[in-house]
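# An overview of the molecular structure
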Amino acid sequence: MVVLINMYQEIKDIIKNQASYLDETTLTYFSNYFYVLVKRKVIYPNLNLAKLINNALMYASKIEFYDENHRVYKENGGDTKGLCDAETKTIYIRGNLPEPIREMTVYHEIHHAVQTNPLTNEVGINQTSNFGRLIMEAQTQYFAEIVYTDVHDIQYEEREIPSNKLRMLNGGTVISALHNYELYDCFLSKLAIILDVSKEYFVFINFLYEDNVGLKDLEEKYNIAKEKYQLPYNFDGFMLTLD
């Protein structure tokens, strides 16, 4: 426990040294996020912590909770939970969100900022396909929830989802009464089983956005699984089934 406390303080000091202008609330959320990132060991070896912090600060240096009178609410409506505005370098979070969704949304948006490619301003792997974006969003929500549970030292019980919550119509269209985060978790869990990887793997590869290295690694993992389980699709075909 002492080691973890010391690690948290060290990470907080690194962030303060790089960005002494952060207010205490923003500093705390950033420290929580990067503490769990280091603790969970999902940082690619060639990426150091200072570089990731700097990448996040390029897109976000303030967290603001807004109400229905704010321009973000007026422009985006009441369904938007949060967004990272690179122009103002502010993470905007809808203030009336219930906990723990509100805090998880903060970590969701910090994660986006950390995984944004500064050369393209795109987040994570393969933004040219819905498949790449789906993995990117799924691992973002997954890790945001991991940060929350680690910081607060809690665990959620797994829930069984009744089959009537998920149906496929004629033509292959899937309809669902699940929340986005439930669909994301279901998607990552199935993909992790197929590829024989942990769900943290998808967090890992989304840091490898340069030259689509993360997507190439994913393709290699799929080809191994394809041969092992005699799967009927090549990688592009597999992507198409999930796109």
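The following paragraphs examine the structure supplied in this document. Per chain, residues are indexed from 1 in the order of the written sequence. pLDDT decides what is reported in this predicted model: residues at 70 or higher carry local features, side-chain atom pairs at 80 or more are listed and counted, and totals for whole chains, interfaces and linings draw on all residues regardless. The basis for every side-chain value is the complete set of non-hydrogen atoms in the structure, without hydrogens or water.

## Looking at the pattern of salt bridges
The term salt bridge refers to a pairing of a side-chain nitrogen on Lys or Arg with a carboxyl oxygen on Asp or Glu at a separation within 4 Å. As enumerated under the stated definition, the model contains 11 salt bridges in all. Note that Glu24 and Lys12 form a salt bridge whose closest N and O atoms lie 3.3 Å from each other. Here Glu24 is found in helix α2 (residues 24-39), whereas its partner Lys12 is found in helix α1 (residues 2-18), with 12 residues between them in sequence. Look at Lys12 and you get buried, because its relative accessible area is 15%. With a closest N to O distance of 3.4 Å, Arg40 and Glu200 form a salt bridge. Taken together, the residues Arg40 in the loop between α2 and α3 (49-59) and Glu200 in helix α8 (residues 200-205) connect sequence positions 160 residues apart. Each helix is a run of H or I in the DSSP string that is no shorter than four residues. Each strand is a run of E no shorter than two, and both are numbered from the N terminus. We call a residue buried when its accessible area falls under 20% of the maximum for its residue type, exposed when it is over 50%, and partly exposed in between, using a 1.4 Å probe and counting protein chains only.

## Comments concerning the environment of Val123
Looking at the element boundaries, Val123 is found in strand β5 (residues 122-123). It is 8.1 Å that separates the C-alpha atoms of Val123 and Asn206, two residues lying 83 residues apart in sequence. For this analysis, residues touch if any pair of their heavy atoms sits within 4.5 Å. Here Val123 is in contact with His112, Gln115, Thr116 and Met136, once residues within four sequence places are set aside.

## Looking at the side chain of His112
Tracing the chain through its elements places His112 in helix α5 (residues 101-114). His112 has contacts with Val123, Met136, Glu137 and Thr140, leaving out every residue within four places of it along the chain.

From the geometry alone we can't say anything about function, so treat these as descriptive.
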